[in-house]
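Breakdown of the fold
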Amino acid sequence: MTSCSTQCSSTRPQTVQVEDIEANNITDILEECRILGHKLIYLNYKGLTKLPTQLFKDNAFLHVEGIYLKRNLLQTLPQDLKFLSNLKELYAPSNKIAELPEDMSELSKLESLDLSMNNLTHIPCCVFDIKSLKTLVLSQNSIVHLPPDLGYCANLKRVYADNNGLFKSVPFSLWSKEVGTYRCGTESNSRRIEFKENNMSAHIPDEIQNIWSRPGLLVTSLLELSFRVVNKYKDILQMSRLPRSLKDLAAFATAHCEFHGCNRPLFTAGYPHLMKHPIATYRQSNSITFLGLCCSVKCLDLFTKFPLPL
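This write-up is about the structure you can find in this document. (Residues numbered from 1 in each chain as written. Predicted model: local features only at pLDDT ≥ 70, side-chain atom pairs only at ≥ 80, totals over all residues. Heavy atoms only, no water.)

**A closer look at empty space enclosed by the protein**
Condition: In this analysis a 1.4 Å probe is tested at points of a 1 Å grid over the protein atoms alone, and where it fits but cannot get out there is a cavity; an open set with protein on both sides within 12 Å along at least five of seven lines is a pocket; lining residues have an atom within 4 Å of a point. Grid points are joined across faces, edges and corners, and a volume is the space filled by probe spheres set on the points. To qualify as a helix, a DSSP run of H or I must reach at least 4 residues; to qualify as a strand, a run of E must reach at least 2; elements of each kind are numbered from the N terminus. Gly counts as polar in this scheme, as do all residues outside two lists: the nonpolar Ala, Val, Leu, Ile, Met, Phe, Trp, Tyr, Cys and Pro, and the charged Asp, Glu, Lys and Arg.
Applying the stated criterion across every chain yields a total of 1 cavity of 30 Å³ or more. Considered as a void within the structure, the largest cavity measures approximately 100 Å³ in volume. Lining the largest cavity we find 14 residues, and of these Leu146, Pro148, Pro171, Pro205 and Leu291 sit closest to its centre. Among the elements of the structure, β7 (170-171), β12 (255-256) and β15 (290-294) are those that each provide at least two residues to the lining of the largest cavity. Top element by residues in the lining of the largest cavity is β15. It accounts for 3 residues. Class assignment of the residues belonging to the lining of the largest cavity gives a composition of 8 nonpolar, 5 polar and 1 charged.

**Some details on the sheet that holds strand β14 (residues 269-275)**
Counted only if it meets this: One requirement defines pairing of two strands: DSSP has to find at least two bridges between them. Should any heavy atoms of two residues lie within 4.5 Å, those residues are considered in contact. As a rule, the C-alpha atoms of each element are fitted with a line to give its axis, helices using only the stretch in contact, and angles between N-to-C directions run from 0 to 180 degrees.
The 4 strands lie next to each other as β7-β15-β14-β11, forming an open sheet whose pairing is mixed. Each of the sheet's edge strands pairs with one partner strand only, and the pair in question is β7 and β11 (210-211). Taken together, the 5 bridges between β14 and β15 define a ladder with antiparallel strand orientation. Within the sheet, the bridge partner assigned to proline 272 lies in β15 and is leucine 293. Running over the sheet, helix α7 (residues 297-305) touches β14 and β15 and is turned about 15° from β14.

**Notes on the side chain of lysine 177**
The cut-off we apply is this: To sort residues, take the accessible area from a 1.4 Å probe on protein chains only and compare it with the maximum for the residue type: under 20% means buried, over 50% means exposed, and anything in between is partly exposed. Under this rule, positive means Lys or Arg and negative means Asp or Glu; His and the chain ends count for nothing. By convention in these notes, a salt bridge is any Lys or Arg side-chain nitrogen within 4 Å of a carboxyl oxygen on Asp or Glu.
When you line up the elements, lysine 177 lands in the loop between β7 and β8 (178-180). One buried charged residue, lysine 177, remains without a salt bridge, the closest side chain of opposite sign being glutamate 178 at 11 Å.

**What to know about helix α2 (residues 26-36)**
Applied cut-off: Arc definition: it is the arc formed by the directions from the helix axis to the C-beta atoms. Distance and chemistry together define a polar contact, namely a pair of N or O atoms within 3.5 Å, with one atom able to donate a hydrogen and the other to accept it when in protein, and with adjacent residues in sequence counting only for side-chain atoms on both sides.
Among all positions in α2, only Ile26, Ile29, Leu30 and Cys33 are buried. When α2 is viewed along its axis, its buried side chains cluster within an angular range of 90° and face the same direction. In α2, the exposed positions that point more than 90 degrees away from the buried face belong to Ile35 and Leu36. Of the residues that open α2, the one with a side-chain oxygen 2.7 Å from the backbone nitrogen of threonine 27 is asparagine 25. At the exit of α2 stands glycine 37, carrying a positive phi of roughly 75°.

**Side note on the environment of leucine 90**
Residue placement: leucine 90 occurs in strand β3 (residues 89-91). Of the residues examined, leucine 90 reaches a relative accessible area of 0% and is grouped as buried. Once the C-alpha coordinates of leucine 90 and glutamate 65 are considered, the two residues, 25 residues apart in sequence, prove to be 8.5 Å apart.

Now the structure itself:
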């Protein structure tokens, strides 16, 4: 397993003139970046509780491709971040970030996102809606599970979730990616829903309220069917009239059935399956537990027998 620490480090190009150790005033750093057209901005160790508003005024920093924000006091990232439309790298390790803005999905050129050593407990759908994202670093947070569909990001290649003690399993959608899980699953939390199978365990996403099994329920619940219908017709329904909690759940499926050729959206229920697939284990340096969710007993049986595309 590749350690996150070897992946997160970055070397500053010698052509970059603006160093955070050379300018005490943030305004001076930004002004020099604007005038000289520097593509990288270094605002490490500045004690920032929010990003300077100058970054988003008058399109003056549209040329910026990278922002470095190590060891500040940020609790979230601003919605205006979407206006930096050419941003490719965003490094914000060692802050206090617990929430991310939904508009992050509009960063259409973002390739590398480092949110290690923050206070994240979950990853919102806005992250895996960033189609250009290649590397996602989430090490040393408080993450319990990753979005089941995270691996379906078109360009995603690497996810580092090392040192998240409650994180016990990887979504099966990530089976072909490079995944860092060093020192994961070392803690337990009785308040979380946990599924156990064949001496393996995994935390199930909070949205999945009903965990079905082969001998159990064979008929899909009315609640699950309702969400599927609303999701199917969300473009013509007045979704704004729904309470926000229901609107968000209906608009974005919690997961999709893992059996190939089905891909049915799942919202509040599913049939889970845990595995340590030989191919996936071969691709990683240690044995990782993978979690897959299916929509029916039929898909679960087929997925268990044929987990990978034929």
